[in-house]
Amino acid sequence: MKIHTIIITSISAIVLSACSQATTEHRNAVKRGKVIYSKECSQCHGGSGEGAGKASLGLGVPPPDLTALMGRNDGEFPREFVRRFVMGLLEKDDPDAAMPEFKTVGLRHVYPNGGADGEVLERDFEDLLDYLEEIQK
């Protein structure tokens, strides 16, 4: 009976450790995503993501509220749609819209000296998406 208890305790410790590590990694990704958001997106979408950044005042059309993406999509975060839209992989209703195509311009505020060849690194973008999913209301 003692060996059975030791095995169960060991397995439980391993499972809890893995959960804790995954949670820590997710929290770190969200923190990195928030930094990327604040440098690349907040000027138009506002510090809290509700679409009222300083740079949005002269656009004519307010940027969308990024905290309501799940609400507009039946409670699901449209991760792939957001990825494709931000990267400029979807046709826009207004080709002259102010939203940059990050596939073309890169993360110029995150890498102001042209680091990462001015491209959007997949990890950076995943972290940004994790942050956007985290701020949903």
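Residues numbered from 1 in each chain as written. Predicted model: local features only at pLDDT ≥ 70, side-chain atom pairs only at ≥ 80, totals over all residues. Heavy atoms only, no water.

A.B. asks: Any chance you could break down unusual backbone geometry for me, citing the residues and the numbers?
C.D. replies: The phi angle at aspartate 74 is positive, at roughly 55°, despite the residue not being glycine. Along the chain, aspartate 74 falls in the loop between helix H2 (42-45) and helix H3 (79-87). With a relative accessible area of 79%, aspartate 74 lands in the exposed category. (Helix = DSSP H or I, 4+ residues; strand = E, 2+ residues; numbered from the N terminus. Buried < 20%, exposed > 50% of the residue type's maximum accessible area, 1.4 Å probe, protein only.)

A.B. asks: Report on H3, specifying residues and quantitative values.
C.D. replies: Residues Val82, Arg83, Val86 and Met87 constitute the buried set of H3. On an axial view of H3, the arc spanned by its buried residues comes to 120°, and they lie on one face. Residues of H3 that are buried sit in contact with helix H4 (102-105) and helix H5 (122-134). Positioned one or two residues after H3, glycine 88 has a phi angle of 85°, which is positive. (Arc of directions from axis to C-beta. Contact = heavy atoms within 4.5 Å.)

A.B. asks: Explain the side chain of aspartate 130 to me, using residue names and the numbers behind them.
C.D. replies: By the secondary structure assignment, aspartate 130 is in helix H5. A polar atom in the side chain of aspartate 130 sits 2.8 Å from the side chain of arginine 79. Apart from the residues within four sequence positions on either side, aspartate 130 is in contact with His26, Ala29, Val30, Arg79 and Arg123. (Polar contact = N/O pair within 3.5 Å; in protein donor to acceptor, adjacent residues only side chain to side chain.)

Honestly, it's all geometry; don't read function into it.
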